[in-house]
Every structure is written in C-alpha cells, then in structure tokens.
Amino acid sequence: MSTNKKPRKKYKPRPVRLTGSFYSQTDITEIKSIITDMGLVVEVTLPRGEATQDHMVQIEDLLNWGGMMLFDRSWKGQEKEAAEFTSRQIKALYALAAIVDRKKSGKASRYIGTAEELDTIREVCSEIVALLKEGMDTSPERTVKEFLAARQLAREKINEGVRDVFELPGRARAILNQRHFRRP
C-alpha cells in the first residue's frame, strides 16, 4: 500500500484577537471611584483648608488629565466650547498654583485659596470629573492612557525645572502615541 508523499499539516487553531476594552467592569468601577475621590478632595477638603501635599498633587493631576483629554480627542461641532473650556482649565491651574505658592512662601500655614480661586477650581474639576466618568464608560483604555501621558508629561516638566503652569507642547502627541508608560 502506498503512502501519501505530501502529508498535510496538522490543524492548529489560530488565536483570535478581540478588539475593544480589556478592562473588566471591576477595574472600570475602581477607576471611577478614584475619579470620584479626586472630585471630593476638590469639593470638600480644599475649601476647608485641610488639603495636604498629596491632595494638591491629585488636584493637579485631575486638571492635567482633563487638559490631555481635551487635547487628545476630537470635539467635532464643539470646537468653540472645547477652546473655552481649555482656557478655563488653564485658569484653574493658575489658581491652584497661586494656592501652592501662597503656602510655600509662608503667607499661609495651609493650602487656603480665595473664594474666586476655589470657585474656578471647583467648577472646572466638576466638569472634568463628569467627562472622565463618561470617558471610562465609553473608552476606558484611551482614558487611562490620557492620564498616564498627562502624568508623564507633568513629571518631565518638573524634572526639567519648570515649576509653572504649562500648556501642552508638541511632545504631548508623541507621548500619547507611545505603547508603554513609565510607572507613576
């Protein structure tokens, strides 16, 4: 009996790559609770004057995250509102910097802001919290990537010696496009 001279290859199932979110619902819920906690720091802790250095870093990260979100996404038909919100976000960053400078210079013993500064920060942060929660529902991977990029960019600026509020430079797009981020 003759044998087959061209034996067929054995069947190997190929893995199917699924597109979409790889975050579980518990991870999304956990990140949403972190966002809510950041919002509560702005709403409760900062106006009372009980904010610590860690709280101030959280507020700065929240404001930078919102700025990166506005920078990264396309807001078709809402360009005017996005530009106006960006200017208010930068104004809130300057207000936060004024509060920190007041504490560092010794004019205040705690992080205490004026009513106008607190209102600006509170208003912008509440809108950012709402945007971020919606972003976690629609595209959690992109939203987390925006946070990591904003945090990396802020840490690079601090390491360069820039202690002032900065607008997102051209490097922001390159940071957003990288695959891996440094550990925060």
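Look a little higher up for the structure.
Below: a short report on this structure. Because the structure is predicted, anything quoted here is derived from the model rather than measured.

Here is what the cut-offs are and how they apply
- Each chain has its residues counted from 1, running along the sequence as written.
- Predicted model: local features are reported for residues with pLDDT of at least 70 only, side-chain atom pairs are reported and counted for 80 or more only, and whole-chain, interface and lining totals are derived from all residues.
- Each side-chain value is worked out from all heavy atoms of the structure, with water and hydrogens disregarded.
- Helical segments are the DSSP runs of H or I of at least four residues, strand segments are the runs of E of at least two, and each set is numbered from the N terminus.
- Any residue under 20% of the maximum accessible area for its type is buried, any over 50% is exposed, and the rest in between are partly exposed; the area is computed with a 1.4 Å probe on protein chains only.
- We call two residues in contact whenever any of their non-hydrogen atoms come within 4.5 Å of each other.
- Residue-level accessible areas treat just the shown protein chains as cover; the underlying method is Shrake-Rupley with a 1.4 Å probe.
- As used here, the term nonpolar core means buried Ala, Val, Leu, Ile, Met, Phe, Trp, Tyr and Cys residues forming a set that is joined through side-chain atoms within 4.5 Å.
- Nitrogen and oxygen atoms within 3.5 Å of one another constitute a polar contact, given that in protein one can donate a hydrogen and the other can accept it, and given that sequence-neighbouring residues count only through two side-chain atoms.
- Patches in this entry comprise residues that are over 30% relatively accessible and not in a salt bridge; like charges within 9 Å are linked, as are nonpolar side chains (Val, Leu, Ile, Met, Phe, Trp, Tyr) within 5 Å.
- What counts as a salt bridge is simple: a side-chain nitrogen of Lys or Arg found within 4 Å of a carboxyl oxygen of Asp or Glu.
- Here Asp and Glu are counted as negative and Lys and Arg as positive; His is not counted, and neither are the chain ends.
- Lysine's charge is taken at NZ, arginine's at CZ, aspartate's at CG and glutamate's at CD.
- Paired rings are identified among Phe, Tyr and Trp, the last through its six-membered ring, by centres lying within 6.5 Å, and are further divided according to the angle between planes into stacked (under 30 degrees), edge-to-face (over 60) and tilted (the rest).
- Charge over a ring is defined by NZ of Lys or CZ of Arg lying within 6 Å of the ring centre and within 35 degrees of the ring normal.

Focus: the overall build of the protein
Within the protein one finds 6 helices and 0 strands. Buried residues in the protein amount to 37% of all 184 residues. For the protein, the proportion of contacts with a sequence separation of at least 24, taken over those separated by at least 6, is 71%. Total accessible area on the protein is roughly 12,400 Å²; 52% of this is exposed by carbon and sulfur atoms.

Section: the environment of Gly135
Residue placement: Gly135 occurs in helix α4 (residues 115-138). Apart from residues lying up to four places away in sequence, Gly135 is in contact with Met69, Arg73, Pro140 and Thr143.

Overview of the nonpolar core
Ranked by size, the top nonpolar core spans 34 residues in total, and within it Met56, Ile59, Leu62, Leu63 and Ile121 carry the most contacts. Elements that contribute at least two residues to this core include exactly α1 (25-48), α2 (53-72), α3 (79-105), α4 and α5 (140-160). Excluding residues within four positions of it along the chain, Leu62 makes contact with Met38, Val42, Cys125, Ile128, Val129 and Leu132. Listed in part, the 7 residues of the second largest apolar core include Ala150, Leu153, Ala172 and Ile175.

Notes on the side chain of Arg73
Relative to the helices and strands, Arg73 is located in the loop between α2 and α3. Side chain to side chain, Arg73 and Glu146 meet in a polar contact 2.9 Å long. If near-sequence neighbours (up to four positions away) are discounted, Arg73 is found in contact with Gly135, Ser139, Arg142, Thr143 and Glu146.

Here we look at a positive patch on the surface
On the surface, Lys9, Lys10, Lys12 and Arg14 cluster together into a positively charged patch. Here Arg14 shows up in the segment before α1. Residue class for Arg14 comes out exposed when judged on its relative accessible area of 70%.

A few points about the packing of aromatic side chains
Under the counting rule described, the total for this entry stands at 1 aromatic pair. Over the ring of Tyr111 we find Lys103; its NZ or CZ atom is 5.4 Å from the centre of that ring.

Looking at the pattern of salt bridges
Here the structure, examined in full by the defined rule, presents 10 salt bridges. Arg88 is the partner of Glu123 in a salt bridge, and the nearest nitrogen-oxygen pair spans 2.5 Å. Taken together, the positions of Glu123 in helix α4 and Arg88 in helix α3 put the pair 35 residues apart, joining distant regions of the chain. Judged by its relative accessible area of 42%, Glu123 falls in the partly exposed class. Notably, a salt bridge pairs Arg102 with Glu117, separated by 2.9 Å at the nearest N-O pair. Of the two residues, Arg102 is situated in helix α3 and Glu117 in helix α4; the sequence distance between them amounts to 15 residues. Accessibility expressed as a relative area gives 13% for Glu117, which makes it buried.

These values are about where atoms sit, not about what they do.
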